[in-house]
Amino acid sequence: MLRSDGARFDIRCSSEGRSRFYECARRGQNKIRPSISCRLKNNAVTVSDTEKCIIGKIDNVKTSPNRQVKAHPFRIYFRSILPFLLFFLRNVNAAQEPVPSEANQSRMDVDLILVNGTVYTVNEKQPHADAIAVTDQRIVFVGSNEDARKFRGDKTRIIDLSGKTVVPGFTDSHCHIFGIGEREMRLNLEGTNSLEGFLAKVKARVAQTERGKWITGRGWIETFWKPPQFPTREDLDKIALDNPVFLTRADGHAAIANSAALKIAKIDKGTPNPFGGEILKDKTTGQPSGMLLDNAQDLVAKNIPKPTDAEREQAFLLGVHREIGLGWCEIQNAGSHAEDIKIIRKCLDDGKVKLRFINAVYGPGEDAQRFLREGPTIDAFDHRFTQRTIKVIFDGALGSRGAALLKPYSDAPESSGFLTEKESDLKPIFEEALRRGIQVETHAIGDRANHVILDLYEQAFKAVPHDQRKIREPRWRVEHAQIVDPADLPRFAKLGVIPSMQPSHAISDLFLAPARLGMDRLAGAYAWQSFLKSGCIIAGGSDAPVERGEPMIEFYAAVARKSVKGFSGDGWHPEQAVSREQALKMFTTWPAYAAFEEKDKGSIEVGKLADFTVLSQDIMKIPEPEILKTHAVMTMVGGEIIFSNSHLN
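Since this is a predicted model, take the numbers as computed values, not measurements.

**A look at the pairing of strand β10 (residues 138-143)**
Regular strands have side chains that alternate between both faces of the sheet. For β10, the tally of buried residues reaches 6 of 6 residues, placing the bulk of the element in the interior. As paired elements, strand β9 (residues 131-135) and β10 share 5 bridges and run antiparallel to each other. Following the sheet pairing, Ala133 is matched in β10 by Phe141. Connecting β9 to the next strand, β10, in antiparallel fashion are 2 residues, including Asp136 with a positive phi near 50°.

**Quick notes on helix α12 (residues 366-374)**
In an α-helix, one turn spans 3.6 residues, which is why side chains three or four residues apart end up on the same side. Among all positions in α12, only Asp367, Ala368, Phe371 and Leu372 are buried. Projected down its long axis, α12 carries its buried residues within an arc of 135°, all on one side. More than 90 degrees from the buried face of α12, the exposed residues found are Glu366, Arg373 and Glu374. Close packing links the buried residues of α12 with α11 (338-349), β21 (356-362), β23 (385-393) and α14 (423-436). Immediately beyond the C-terminal end of α12, within one or two residues, lies Gly375, with a positive phi of roughly 90°.

**Examining a nonpolar patch on the surface**
Residues Phe224, Phe511 and Phe567 make up a contiguous nonpolar surface patch of roughly 280 Å² in combined accessible area. Mapped onto the elements, Phe567 comes out in the loop between α20 (551-560) and α21 (580-586). Of the residues examined, Phe567 reaches a relative accessible area of 40% and is grouped as partly exposed.

**Looking at the confidence of the model for the protein chain**
Note: predicted coordinates in regions of low pLDDT should not be interpreted at a detailed level. In this model, the protein chain carries an average pLDDT of 86, and 83% of its residues clear a pLDDT of 70 or more. Within the model, the stretch residues 25-70 combines pLDDT values under 50 with 125 contacts to residues more than four positions away or in other chains.

**A look at the sheet that holds strand β14 (residues 187-188)**
If you walk across this open sheet you meet the 6 strands as β14-β15-β16-β17-β19-β18, and the pairing is mixed. Looking along the sheet, the strands with just one partner apiece sit at the ends: β14 and β18 (277-281). Inspection of the sheet shows strand β16 (residues 245-249) paired to strand β17 (residues 254-257) by 3 bridges, in the antiparallel sense. By the bridge assignment for β17, Leu247 is matched with Ile256.

**What to know about the pattern of salt bridges**
Evaluated as defined, the whole model comprises 35 salt bridges. Arg183 is the salt-bridge partner of Glu190, the closest N and O atoms lying 2.7 Å from each other. On the basis of relative accessibility, which here comes to 26%, the residue Glu190 falls in the partly exposed class. A relative accessible area of 5% places Arg183 in the buried class.

**Things to note about unusual backbone geometry**
Following Gly363, the chain continues to Pro364 via a peptide bond in cis, the omega torsion being 0°. Along the chain, the position of Pro364 falls in the loop between β21 and α12. In this structure, the amide linkage connecting Ala544 to the following residue, Pro545, adopts the cis form with an omega of 10°. Mapping Pro545 onto the fold places it in the loop between β27 (539-540) and α20. The backbone of Asp379 shows a phi angle near 55°, a positive value even though the residue is not glycine. Although it is not a glycine, Tyr526 sits at a positive phi angle of roughly 50°. Locating Tyr526 in the fold gives a position in the loop between α18 (513-517) and α19 (528-533).

About the cut-offs
Residues numbered from 1 in each chain as written. Predicted model: local features only at pLDDT ≥ 70, side-chain atom pairs only at ≥ 80, totals over all residues. Heavy atoms only, no water. Buried < 20%, exposed > 50% of the residue type's maximum accessible area, 1.4 Å probe, protein only. Helix = DSSP H or I, 4+ residues; strand = E, 2+ residues; numbered from the N terminus. Pairing = 2+ DSSP bridges. Arc of directions from axis to C-beta. Contact = heavy atoms within 4.5 Å. Patch = residues over 30% accessible without salt bridge, like charges linked within 9 Å, V, L, I, M, F, W, Y side chains within 5 Å. Areas by Shrake-Rupley, 256 points an atom, 1.4 Å probe, with all protein chains shown as cover. Salt bridge = Lys/Arg side-chain N within 4 Å of Asp/Glu carboxyl O. pLDDT = per-residue confidence, 0-100.

What follows is the structure, encoded as C-alpha cells:
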C-alpha cells in the first residue's frame, strides 16, 4: 500500500515479476536499472514487471544466531518506481489523509504471521527463529516475535504456534501417488504377520465378491512369516477357487496369482520367462508356483479389467488426502503414464489439489517419446506442477530377489537377479534427454544395476557435451541406490548424480538383507553417510505404498538406523546413520535441489514459497523413540493451511 500526498495507491505486478522481485529482495540486490511501465486507473498503479526495478537492501540483518531478516517491500517498491510516479501523482485529486510516519512506512501489512514457534529454517545464515510473516504465498520476514508483529495489519491473520516445531515443508522425493490411493481402495494386506493372517484377509474378501470377479490387493510381505516363504497358488486355491486372484507384494516387484488367474493368462509349465521377469516354478514338478517377478507380473495384470477414470481419480485424491495429513507439502511422483498425467492436471485445474507435484514420466516407451517431443512443464498451476523427468525401472527388488547383483544371492546361488531394460534401448533416450533439458531418474537397487546405470549415464554425458545440452548440469538421479559396490560410491559425486533414497527401506530390509547379500556386501548397503562424505546430497523419500509413507518413520530411520522397535542386526553398520540436521535436509533443501527448486523451496527464508510442516514435538531434540510418536499438526502450502488437526488455527 502506497500513500503519497493523501492519495491511496495499490501497486501490483505480474506473478513472474513478483517472483523476480522476491528473489532480488532475498539476494539483497540494489543496482538493477529501472525499466517499468505504469498505468494509472482508479488510483491504482499497475507495475508490469519488476525484473529491472531498483531493489533496496534488506534491513535489519544481524549476525547473531537468531538474527532478524526483514524485507520492507514498501521501501523497495517506492525506491523502484518513485521517479516514474512523480509525474502521474502530481495531478491526482485525492482525499486528504495525514502522511504516515516513517515507522509506519517501514511496516507492510501481511497476510499471515506465525508467532511463538520453534522454527528450524534449514538456512545456515539464520538457522533458528520464533516467527514468520507471509504475504502473497511467500515469506517476507523470518525472526523474532516482536518484530514479526510489526507487520500486522487490519486483515493480517496471526497464528500462535504455542511452541510447536516448524520446518520447511516436507518433500517426499519418491512415492507413487496413485498406488497410495489404490491401497486404500483395494484389499490392503499391510500388517499381515503370518501366512494364516494373509489368507484370512483374502478369504474375507472372497466372501464379499461375486463369483468370477477379480480380487486384487497389495501390501503383503513374507519377511516376518514363519517360515518366511512366498505364498503359493495352492494356498490361494484353497480359499478362492472360483475367483481369479492377483495380490502384489509390498514392493510392487512381485505378485502371487491363483490357478484361476494363471489359467486366464495361459501360464503353464511351458511358458518362458519374459525379458526382465521370472515365473517361479516348482523345482520338482516344473509347474508355476503362482509367484511372478517384475515383468512377469504383466502376463496376468494385463487381463485384469482396468479401473475407470472416475476410480483412478478417486485413488489419486485419496492418495493426496493421505499425504497432506502426514505433513507432506510436495511429492515427487516416481513415474506416471499419459492417463495419469491427464487426471493430475484435471484435478489441479479444478482446484481439488493444493499439494505440490514434481512428476516423472515412465520410459522407455510411447509416453516418454511424446514427452521428449513436447518438452518439460515448469511451475504450472501456480508452482504446483512441474514435469521435467523420465523415470526408468532398471531392476527388481531385493526382497523378491529381482535386484540385479554383481554376484549371486547368498541364499539363492542360482540367481543374481536381472535387469529389466535393455541398455541399447536406453542410450538414445538418455542422449536426447540431455539435449532437451529432461532429467532422468532410474530405479536401481542391486549393485550390478547401479554399476551399469552409472556407466550409461557417463556414456551419455560424454556423448553430449555441455554446449549441446539445454541444462549444463542435468542433476540426474538414481532412485533407491540400495546396494552399491564400494568402488562405485565415489562415482555418484564425480558424475553429479543424486542418490534418491528411502531410509525406511533399510529398517525393513535389515531382517532379510544379511541373508540375501551376506555380511560382506552390507558395507555398500543403504550407505547414506558414505554418500554424504563422498560429496553427494541425498534426496529423501518414502517409496509409498511400498513403505508406510510417513515422514516421521523416514526421519527416524535415517537417524536411528534401527527398526521401529529399536532392533539393529549384526553388521548393519550404525555408522551409516545420519545426523538430525542431515536428515532434515534429506526431506527439505536437498529434494528442492534435486528438482531444480532451491530458489523457491527447501528452506524458510525471505523470498521463498511459504510451505511449512508444523510438528507436535521438537524432532531435533527429543529422544529417538519419541520421533515415532510425533505427528503433523498443520500442513501449509503457499501460506494456506491445507491440513490441521490442532486448535492453533
